[in-house]
Amino acid sequence: MERKIVLTGDRPTGPLHIGHYVGSLKKRVEMQESGDFQQFVMIADIQALTDNADNPAKIRENILEVMLDYLAVGLDPERTTIFVQSKIPALFELPMYYSNLVTLSRLQRNPTIKSEIKMRGFEKSIPVGFLTYPISQAADITAFRANLVPVGVDQLPMLEQTREIVNSFNNLYKKDVLVLPEAVLPDNENAYRIVGIDGGAKMSKSLGNCIFLKDDAKTVEKKVMSMFTDPNHIKVSEPGKIEGNVVFTYLDIFCKNEHFEKYCPDYKNLQEMKDHYRHGGLGDVKVKKFLNSILQEILTPIRERRIKFENNKKMLLDILAEHSRVASDYANITLDAVRDAIGIKIF
Ligand code: TRP
């Protein structure tokens, strides 16, 4: 049986956080372990430039940072091709062809682009490169003939736009040249979107409300202890609110029944703990300590693996260089088919 192809990527604008982990990294490792897929993981430095053109140093520095996070969570270069976007010339050429199939108003309607324009203050003056990055992302996905793209829900509009481009291309030029990709979302719906530790709508480096995969144990504990809970829950004996309470939001994502046996045997499951909190008599500190134990259990092996690679920059760069060569050859096959389908291959 032919293996399905998986492609994803991350912008190297900062170290990756637990939102990346539950949103997509975990799934990538599972897919790798299953052996059922051929997997490509891309460090999206060109896309990172689309809103950081004035700060390329940040992107350069974070390429190895993201690579380290990948290896730390368990992506294995023997089984997953990890490469750098800017090293793949086909990813510059394909968007040029695709851009003829996309209207300006369609880009402006892309919900992710819309909200990012707002967040970055680009309303008055939008860099063309930024507005068109969904086309570039369609090139990333289609160049690798990806069937599956493990992403968080914020990326669904990008997948939708890619599918439209694929359909337009195949209808206009030649059937079945481009592969129609599908998103793969996390198994746990609570992990679709992860709020910041301050209760802000999104965990984001620029908002300073993240727990990073590379945070040491003390830092994680401090962040958990400072989490936004229920501001009106002052006395332990009083009832507390679960909705909007970040500690419980994270427990919904990370907690399994077995964690109660290990770290908090007073309760059998999360429902019991929530009920007690709602009725009064359960303090924030106890719940936070419980969450901290769970997060430490998840993050400790990631941290330990990271140490093994941290001092071997040369090896990381060698892997990226080698894998980028392999990835480029792979993408060139699609590029060739695309040129052929359009009919611009005269010699
Ligand atoms: N847009 C993704 C992000 O912001 C990064 C990315 C670039 C990507 N190209 C991709 C993700 C292709 C999946 C597939 O993190």
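See the structure printed just above.
Residues numbered from 1 in each chain as written. Predicted model: local features only at pLDDT ≥ 70, side-chain atom pairs only at ≥ 80, totals over all residues. Heavy atoms only, no water.

Peer 1: Can you help me understand the state of the cysteines in this one?
Peer 2: Put plainly, a disulfide is one covalent bond tying together the sulfur atoms of two cysteines. Under the defined criterion, the tally for this structure stands at 0 disulfides. Free of any disulfide, Cys264 has its nearest cysteine sulfur in Cys255, 9.2 Å distant. For Cys264, a relative accessible area of 6% puts it in the buried group. (Disulfide = S-S within 2.5 Å. Buried < 20%, exposed > 50% of the residue type's maximum accessible area, 1.4 Å probe, protein only.)

Peer 1: Hey, could you run me through the packing of helix α8 (residues 133-143) against helix α9 (residues 156-172) in this one?
Peer 2: Their axes nearest at 9 Å, the elements α8 and α9 cross at an angle of 70 degrees. As summarised for this structure, α8 and α9 are arranged roughly perpendicular, according to the angle between their axes. Between α8 and α9, the residues in contact are Tyr133, Pro134, Ile135, Gln137, Ala138, Ile141 and Thr142 and Met158, Leu159, Gln161, Thr162, Ile165 and Val166, respectively. The residue inventory of the contact of α8 with α9, partitioned by class, reads 9 nonpolar, 4 polar and no charged. (Axes fitted to C-alpha atoms, helices over the stretch in contact; angles between N-to-C directions. Helix = DSSP H or I, 4+ residues; strand = E, 2+ residues; numbered from the N terminus. Parallel < 35°, antiparallel > 145°, perpendicular 65-115°, else oblique. Contact = heavy atoms within 4.5 Å. Nonpolar A, V, L, I, M, F, W, Y, C, P; charged D, E, K, R; others polar.)

Peer 1: How should the site of the ligand be read in this particular structure?
Peer 2: In the vicinity of the ligand lie 13 residues, with Arg11, Gln47, Gln137, Asp140 and Gln155 positioned nearest. Contact between the ligand and Gln155: a nitrogen atom at 3.0 Å from a side-chain N or O atom of the residue. Within the complex, the protein chains bury 90% of what would otherwise be the 360 Å² of accessible surface of the ligand. Elements supplying a minimum of two residues to the shell around the ligand: β1 (4-10) and α8. When its residues are assigned to classes, the shell around the ligand shows 6 nonpolar, 5 polar and 2 charged. (Near = heavy atom within 4 Å. Polar contact = N/O pair within 3.5 Å; in protein donor to acceptor, adjacent residues only side chain to side chain. Areas by Shrake-Rupley, 256 points an atom, 1.4 Å probe, with all protein chains shown as cover.)

Peer 1: Is there a simple way to think about the environment of Ser204 in this case?
Peer 2: Residue position: Ser204 is located in the loop between β5 (182-184) and α10 (217-225). For Ser204 and Leu16, which are 188 residues apart along the polypeptide, the C-alpha to C-alpha distance reads 9.7 Å. Ser204 has contacts with Asn209 and Cys210, leaving out every residue within four places of it along the chain.

Peer 1: Would you explain the pairing of strand β2 (residues 37-43) in this entry?
Peer 2: Looking along a regular strand, one sees side chains alternate from face to face of the sheet. Taken across its 7 residues, β2 has 6 buried, putting it largely inside the fold. For β1 and β2, the ladder comprises 7 bridges, and the chain directions are parallel. Paired with Ile5 across the bridge in β2 is Gln38. (Pairing = 2+ DSSP bridges.)

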